[in-house]
Amino acid sequence: MAKQIRRIVTGHNAAGKSIIAQDGFATSILELAAVPGLRATDLWETTTAPADLTSDADPVARPVHLEPRPTGTIFRIVEFPPDAGLRGRAESRHVFAALGASHTADTTSATPMMHKTASVDYAIVLGGEVWLVIDEGATSVK
C-alpha cells in the first residue's frame, strides 16, 4: 500500500486571521489497475489567474484529470512504478483516457506514455530515479 500523503490547507477566518482550514490525508487520488504502482495525488488546483481564493470549496474534490484549465494550475504528486512494471502493461491511450486526456497521447512516438499538453510541468524527484524522455533526448533525474 502506498504511503498516505498529508494535506494541509490554510485559509482565513471572518476576522481575516490565518487558520488551518483542512488537515488530513489527501483524497483526490488516481490509481490505474492497468499500471500497478502508478499513483497521482492532487493536492490543489486553481482554475483562474490570479487565483480565486474566496471559496471554501475544496478545488480537488473531483476526479483526477491530467490538464489544468488554460489559466489554471494543478499541484500533483505522481508516484511511478519501476520501468519494468510499465513495459507491456498498458497502452498509453487507455491511461490518458482515464485522465480525461485522450487527445494528449502522442501516438507517433515510440516511447510509451509520451504525451503533449499545453501546460507547464514542474518535477521534483524525492526518491529513486526517473528518466526524463523527450522528443530529442533523455536524461536521468535522481
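To be clear, the structure that these remarks concern was listed above.
Described in the following lines is the structure provided in the data block. Fair warning: this is a prediction, and the values are worked out from it, not measured in the lab. (Residues numbered from 1 in each chain as written. Predicted model: local features only at pLDDT ≥ 70, side-chain atom pairs only at ≥ 80, totals over all residues. Heavy atoms only, no water.)

This part covers the overall build of the protein. In terms of helices and strands, the protein carries two helices and seven strands. Along its sequence from the N terminus, the protein presents helices and strands in the succession β-β-β-β-β-α-α-β-β. When the 142 residues of the protein are sorted by exposure, 22% land in the buried category. Contacts in the protein between residues at least 24 apart in sequence constitute 44% of all its contacts with a sequence separation of at least 6. Counting only carbon and sulfur atoms, one obtains 57% of the accessible surface of the protein, whose full area is about 10300 Å². (Helix = DSSP H or I, 4+ residues; strand = E, 2+ residues; numbered from the N terminus. Buried < 20%, exposed > 50% of the residue type's maximum accessible area, 1.4 Å probe, protein only. Contact = heavy atoms within 4.5 Å. Areas by Shrake-Rupley, 256 points an atom, 1.4 Å probe, with all protein chains shown as cover.)

Of all hydrophobic cores here, the largest spans twelve residues; its members are L30, L32, V35, L38, A40, V64, L66, V95, F96, L99, A101 and A105. Ignoring any residue separated from it by four or fewer positions in sequence, one finds L66 in contact with I74, R76, F96, L99, A101, T104, H115 and T117. (Core = buried A, V, L, I, M, F, W, Y, C linked by side-chain atoms within 4.5 Å.)

To continue, consider a nonpolar patch on the surface. Together, V78, F80 and V130 line one region of the surface with nonpolar side chains, adding up to about 240 Å² of accessible area. According to the relative accessible area criterion, V130 is partly exposed, its value standing at 30%. (Patch = residues over 30% accessible without salt bridge, like charges linked within 9 Å, V, L, I, M, F, W, Y side chains within 5 Å. Salt bridge = Lys/Arg side-chain N within 4 Å of Asp/Glu carboxyl O.)

Here we come to the pattern of salt bridges. Applying the stated criterion to the full structure yields eight salt bridges. D58 is the partner of R7 in a salt bridge, and the nearest nitrogen-oxygen pair spans 2.8 Å. Of this pair, R7 sits in strand β1 (residues 6–12) while D58 sits in the loop between β4 (39–46) and β5 (73–79), and the two are 51 residues apart along the sequence. Among the residues examined, R7 registers a relative accessible area of 9% and is labelled buried. Linking R62 and E45 is a salt bridge whose minimum nitrogen-to-oxygen distance equals 2.6 Å. Of this pair, R62 sits in the loop between β4 and β5 while E45 sits in strand β4; the two residues are 17 residues apart in sequence, bridging distant segments of the chain. As far as burial versus exposure is concerned, R62 and E45 are alike and both buried. Ionic contacts of the salt-bridge type, sharing partners, join the residues D42, E45, R62 and R76 into one network.

With that settled, consider the pairing of strand β2 (residues 18–25). Where β1 and β2 come together, seven bridges link them in antiparallel fashion. Within the sheet, the bridge partner assigned to I8 lies in β2 and is D23. Taking the residues between adjacent antiparallel strands as the criterion, β1 and β2 are bridged by five residues, where G16 takes a positive phi near 85°. (Pairing = 2+ DSSP bridges.)

In short, shape yes, function no, at least from these values alone.
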